[in-house]
Amino acid sequence: MEEKKMEVIEAWLRKHRLQYTGATRHPFILSLRDGTIHMSSFKTWLAQDYLFVRAFVPFVASVLIKAWKESDDSSDMEVILRGMASLDDEIAWFKREASKWDVPLSDVAPQEANINYCKLLESLMREDVGYTVAITVLWGIEAVYQESFAYCVEEGSKTPPELKETCERWGNEGFGQYCQSLQKIATRRLQKASEDELKKAEVTFLSVLELEVEFWNMSRVNA
Ligand SMILES: Cc1ncc(CN)c(N)n1
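Residues numbered from 1 in each chain as written. Predicted model: local features only at pLDDT ≥ 70, side-chain atom pairs only at ≥ 80, totals over all residues. Heavy atoms only, no water.

Undergrad: Which parts of the structure should I look at to understand the nonpolar core?
TA: Buried together is how nonpolar side chains tend to be arranged in soluble globular proteins. In terms of nonpolar packing, the biggest core is built from 73 residues, with Trp45, Phe59 and Leu138 touching the most fellow members. Discounting residues that sit within four places of it in the chain, Trp45 has contacts with Phe28, Trp93, Phe94, Tyr145, Phe149, Thr166, Trp170, Phe215, Trp216 and Ser219. (Core = buried A, V, L, I, M, F, W, Y, C linked by side-chain atoms within 4.5 Å. Buried < 20%, exposed > 50% of the residue type's maximum accessible area, 1.4 Å probe, protein only. Contact = heavy atoms within 4.5 Å.)

Undergrad: It is not clear to me how the site of the ligand should be interpreted in this structure. Could you clarify?
TA: In the neighbourhood of the ligand, the contacting residues comprise Asp49, Phe52, Val53, Phe56, Tyr117, Ile141, Glu142, Tyr145, Trp170, Glu212 and Phe215. Between the ligand and Asp49, the relevant distance is 2.6 Å, taken from a nitrogen atom to a side-chain nitrogen or oxygen of the residue. A distance of 2.7 Å separates a nitrogen atom of the ligand from a polar atom in the side chain of Glu212. Here the ligand has 290 Å² of accessible area as a free molecule, and 100% of this is covered by the chains. Counting residues per element, the ones that place at least two in the shell around the ligand are α4 (39-70), α7 (131-153) and α10 (195-217). Tallying contributions element by element places α4 first for the shell around the ligand, with four residues. When the residues that make up the shell around the ligand are grouped by side-chain class, the tally is eight nonpolar, no polar and three charged. (Near = heavy atom within 4 Å. Polar contact = N/O pair within 3.5 Å; in protein donor to acceptor, adjacent residues only side chain to side chain. Areas by Shrake-Rupley, 256 points an atom, 1.4 Å probe, with all protein chains shown as cover. Helix = DSSP H or I, 4+ residues; strand = E, 2+ residues; numbered from the N terminus. Nonpolar A, V, L, I, M, F, W, Y, C, P; charged D, E, K, R; others polar.)

Undergrad: Mind showing me how you'd approach the packing of helix α2 (residues 17-24) against α10 here?
TA: Between two packed helices, both the angle of their axes relative to each other and the distance between the axes serve to describe the pair. The interhelical angle for the contact between α2 and α10, taken along N-to-C directions, is 35°, at an axis separation of 8 Å. At the point where α2 passes α10, the crossing takes the left-handed sense. Contacts between α2 and α10 pair Gln19, Tyr20, Gly22 and Ala23 from the former with Phe205, Leu206, Leu209, Glu212, Val213 and Trp216 from the latter. Partitioning the contact of α2 with α10 into residue classes produces seven nonpolar, two polar and one charged. (Axes fitted to C-alpha atoms, helices over the stretch in contact; angles between N-to-C directions. Left-handed = near helix turned anticlockwise from the far one by under 90°.)

Undergrad: Any chance you could explain the pattern of salt bridges here in plain terms?
TA: Note that side chains of opposite charge can pair when their charged atoms are close. Inspection of the entire model under this criterion finds eleven salt bridges. Measuring nitrogen to oxygen at the nearest pair gives 3.1 Å for the salt bridge that ties Arg189 to Asp72. Note that Arg189 is positioned in helix α9 (residues 173-191) and Asp72 in the loop between α4 and α5 (75-100), a separation of 117 residues in sequence. By relative accessible area, which is 44% here, Asp72 ends up partly exposed. (Salt bridge = Lys/Arg side-chain N within 4 Å of Asp/Glu carboxyl O.)

Undergrad: I keep staring at the UniProt feature "active site" (unreviewed entry) in the chain and nothing clicks. Help me out?
TA: Taking the UniProt record as the reference, the feature "active site" (unreviewed entry) is found at Glu212. Inspection of the secondary structure puts Glu212 in helix α10. The contacts of Glu212, once residues within four sequence positions are left out, are Ala23, Tyr117, Ile141, Val144 and Tyr145. (UniProt positions renumbered as here; feature names shortened; annotations may be inferred.)

This is the structure in structure tokens:
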């Protein structure tokens, strides 16, 4: 019987397991799961992530345009469009949550880690960045949040009840399926990619993991 070749993303997740675990099992997430999280950390994350999501929308829009121009499968556009549409609800949720915790979103300035992450998103919006790299990055960004927050909704999690909704937002099954769809598209594209594209996608995926860790680090107590 012919041996099945390992898919590119599967191979990366093995090769870069330490970095992936660093991003998806960060102390911020561990404290959310074990209930020891400080509310000041949560509020910092909430405000910074609100700013990030506002910058993430145009990035997703740019992936949608690349899919329209370059994709070999018309259903890709629908997957991305659904993801983009849900960001409308996400922004409204951030506003509600911020008001619940008295976090004034209009006064928030982006911290360095956030600025750096948004710079990466902006660089990937350029026309000379291909669809394969862009969709792989979109998958990576969403997968880190899905894996992180899903860990906080698992059996045995002691997440404070008032923060459960936050974890559900990215830890729910629907979001998990969306990430699976993105992974499938990225895998299909990476299978046909040139060596150059493959390398660029892998290096950018690693940058995403580093930036995610830096992003969580902003919420460290006394950070
Ligand atoms: C930093 C970060 N990474 C990912 C996600 C998920 N869209 C997010 N909201 N913020």
